[in-house]
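Letter by letter, the chains look like this.
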Amino acid sequence: MAFSKLLFCLATLAVTAVATPLRVVHGSRDVPHGWSLHRRADPDALVPLKFSLVQSNLHNLNAFLLDVADPYSPNYGKHWSHAKVADTFRPSKESVDTVHSWLIDDLGLAPHKVQLNGNRDALQLNVTVAEAESILGTEYYVYRFDDEGHETLGCHKGYALPEHVSKHVDLVWPTTHLKRPRLGRRDSSRPGTPGFSSRSGIPKIAVKASQLEAMGCDQSVTLDCLRDLYNFDYEPVAGDKNTVGVAEWEQEIYQQSDLDLFFQMYEPSSVGVQPKLVTIEGESELDIELMMGLIGPKQNLTVYEVGQTSSAQQPIDELIAAFDASYCEVEGVSNQGLTDCGDKPVPNVISISYHFEPDYLNDAVTPIVQRGCTEMGKLSLTGVTFVASSGDGGVGYSGAEECLVNGTLTAFASSGSFVGQFPASCPYVTAVGATSVAPGNSVSDPEIATTRFPSGGGFSNNFAMPDWQKDAVTNYVTNFAPPYADDIYNRSGRAYPDVGANGWPLAIAESGQFFLSGGTSASAPIFASVVAMINDARIAAGKGPVGFINPTLYSSLLAGAFNDVTNGTNPGCGTQGFVAAPGWDPITGLGTPNFQKLKDAFMTLP
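Residues numbered from 1 in each chain as written. Predicted model: local features only at pLDDT ≥ 70, side-chain atom pairs only at ≥ 80, totals over all residues. Heavy atoms only, no water.

Student: Go over the state of the cysteines with me, naming the residues and quoting the values.
Tutor: A full pass over the atoms with the stated rule returns 3 disulfides. Note that Cys217 is cross-linked by a disulfide to Cys225, the S-S spacing being 2.0 Å. On the S-S bond that ties Cys217 to Cys225, the torsion sits near -85°, and the link is left-handed. Neither Cys217 nor Cys225 differs from the other in exposure class; each is buried. The partner cysteine of Cys373 in its disulfide is Cys426, sulfur to sulfur 2.1 Å. Judged by the sign of its S-S torsion, about 80°, the bond between Cys373 and Cys426 is right-handed. In this pair, Cys373 is assigned in helix H11 (residues 365-380) and Cys426 in the loop between strand E21 (420-422) and strand E22 (429-436), connecting sequence segments 53 residues apart. We classify Cys373 as buried; its relative accessible area is 2%. For Cys426, a relative accessible area of 0% puts it in the buried group. (Disulfide = S-S within 2.5 Å. Buried < 20%, exposed > 50% of the residue type's maximum accessible area, 1.4 Å probe, protein only. Helix = DSSP H or I, 4+ residues; strand = E, 2+ residues; numbered from the N terminus.)

Structure below.
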């Protein structure tokens, strides 16, 4: 039985061997679901203790982004270099000196034991468990995850730091964050299982090619249907300069034979064209066929195939670290054994059709989603657009439609509070909900919110509502939202999705045959393709990529650039969920894209 040698600590704050000033407790929490306290840690075991320092200027991240992303800013489009991002957010000299002085001068640790890492954002020291307990005023215990044999050490009741030190420390590892064993695909048969989840649990329907040819766009959505729905007739001209990517996890390797089968029927000019494969740490047909089919053979698609070399690795951390070397040194990431650190090409647009964590207030989950969202915001400063699916669980989390019942995530609950999902709930991500052509209708008719599954959408519990969406969301909450009790959803949270795109029933080729498939995992790459071609037009005109697009999407500049969706709901938690309405709503966002209008508007920007 394999054991992951991680560390996690239980605090008994009343007992401290080191005399220190008044201490502040960090990170107290209950033992996470699935874990049990197993035994006391060996006091002589070595602990690679790491003090992650508070980054500078994080409180200015929103302002920095708006400066380059607000369409009315004089600095619109003036994206930052990676070096400028690193310098701006690096911890201050005061933080480094304060924590260093406390460890050496106050606690008497030998100077050679305390090392500042290469990114100058963390202090590292190798000490015994007994020494770590003395430094942090805590006790370390071994925890075990269910019957799977995963063990880790830490402190669910927290640790304590002197008040003057605490304000300079973001987190200390290993302490209160217990790494959840990473599992593979999760579906409704395993609700509540820790680990990240797959793109979609929407069942596919096998169909013959001859049947597809006779179907309308309400029965089978093809590339031509999408082009007609979204006025998406564009041939790239700057494919050698533009970049677009799609991220895949769970060892979902595409088959070229399936791509060619799909292209032979729907995009013959792309037969034989292969995406560029980039391996990181180590159904993809749905994303790849849609994106390559829509953007055509003159624009190469990069597929980021994210593997796993350690059970400690978290999926979103792997992707971000591959783009940004400094992220490998961040608290909670540095212990994951990541080997791809800033060594992969960064695309202008990347599509993510996965969800990684439920968005609810929890001492274990909140640091993960906030850390990941912050890093995506920092990458957005450099001109990257993150596009993510909004989920297939309605107002609940994941395909298991998990709701918060008495503080516990509960699958397919008949009541409870709504739970969002990350990364769609991150304000620096453009979240995409799912639509469909109503039965009997054509592409000239307004789409509806898909009824095949409840399209994910709602309000974040971890991120505040950004100013750029307040007017649109307030209009919905005031005039159209169902009258739920105040504790059902967070009316002041970041609202998502931002936009919509078709999510059922899309024709794809897989395993040598055709299927009808979908999910918001299809909607995200469709919208990402729209953004990629807007970038192509801008780059061809000597301009830069659009980068963080959300402030522009909600601005008056794009009024009339979306096809409003006003019919549908996204049920869950024993309710009808939210209802589609004129303007923005928590099912289809601002609506589906009109490519030509979006492109023309973005071309007016510098």
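Next, the rest of the story.
Student: Give a detailed account of the sheet that holds strand E5 (residues 46-53), specifying residues and quantitative values.
Tutor: Spatial strand order, E6-E7-E5-E11: 4 strands in an open sheet with antiparallel pairing. In the strand order of this sheet, the two ends are held by strand E6 (115-116) and strand E11 (169-173), each with one partner. Those strands touched by helix H3 (residues 93-106) are E5, E6, strand E7 (122-128) and E11, and its axis lies near 145° from that of E5. Relative to the sheet, helix H4 (residues 129-136) contacts E5, E7 and E11, its axis offset from that of E7 by approximately 130°. (Pairing = 2+ DSSP bridges. Contact = heavy atoms within 4.5 Å. Axes fitted to C-alpha atoms, helices over the stretch in contact; angles between N-to-C directions.)

Student: Tell me about the nonpolar core, and name the residues and values.
Tutor: The nonpolar side chains of a soluble globular protein tend to be buried with one another. If you look at the biggest cluster of nonpolar residues, it comprises 124 residues, and the most contacted ones within it are Leu226, Leu301, Ile352 and Leu553. Per-element tally for this core: the top contributor is helix H13 (residues 520-540), with 11 residues. In contact with Leu301, not counting residues within four places along its chain, are Val244, Gly245, Val246, Pro275, Lys276, Ile288, Met291, Met292 and Ile295. Leu49, Phe51, Ile104 and Ala132 belong to the second-largest nonpolar core, a separate cluster that totals 29 residues. (Core = buried A, V, L, I, M, F, W, Y, C linked by side-chain atoms within 4.5 Å.)

Student: Lay out the pairing of E22 in plain terms, naming residues and giving numbers.
Tutor: Most of E22 is tucked away: 8 of the 8 residues are buried. Across the two faces of E22 the burial is the same, with Val429, Ala431, Gly433 and Thr435 and Thr430, Val432, Ala434 and Ser436 all buried. Looking at chain direction, strand E18 (residues 385-389) and E22 are connected through 4 bridges and run parallel. Note on E22: the bridge partner recorded for Ala388 is Ala431. The sheet contact formed by E22 and strand E26 (residues 499-502) spans 4 bridges and is parallel. By the bridge assignment, Gly433 is partnered in E26 with Gly500. Here E22 pairs with strand E23 (residues 448-449) via 2 bridges, running antiparallel. Within the sheet, the bridge partner assigned to Thr435 lies in E23 and is Ala449.

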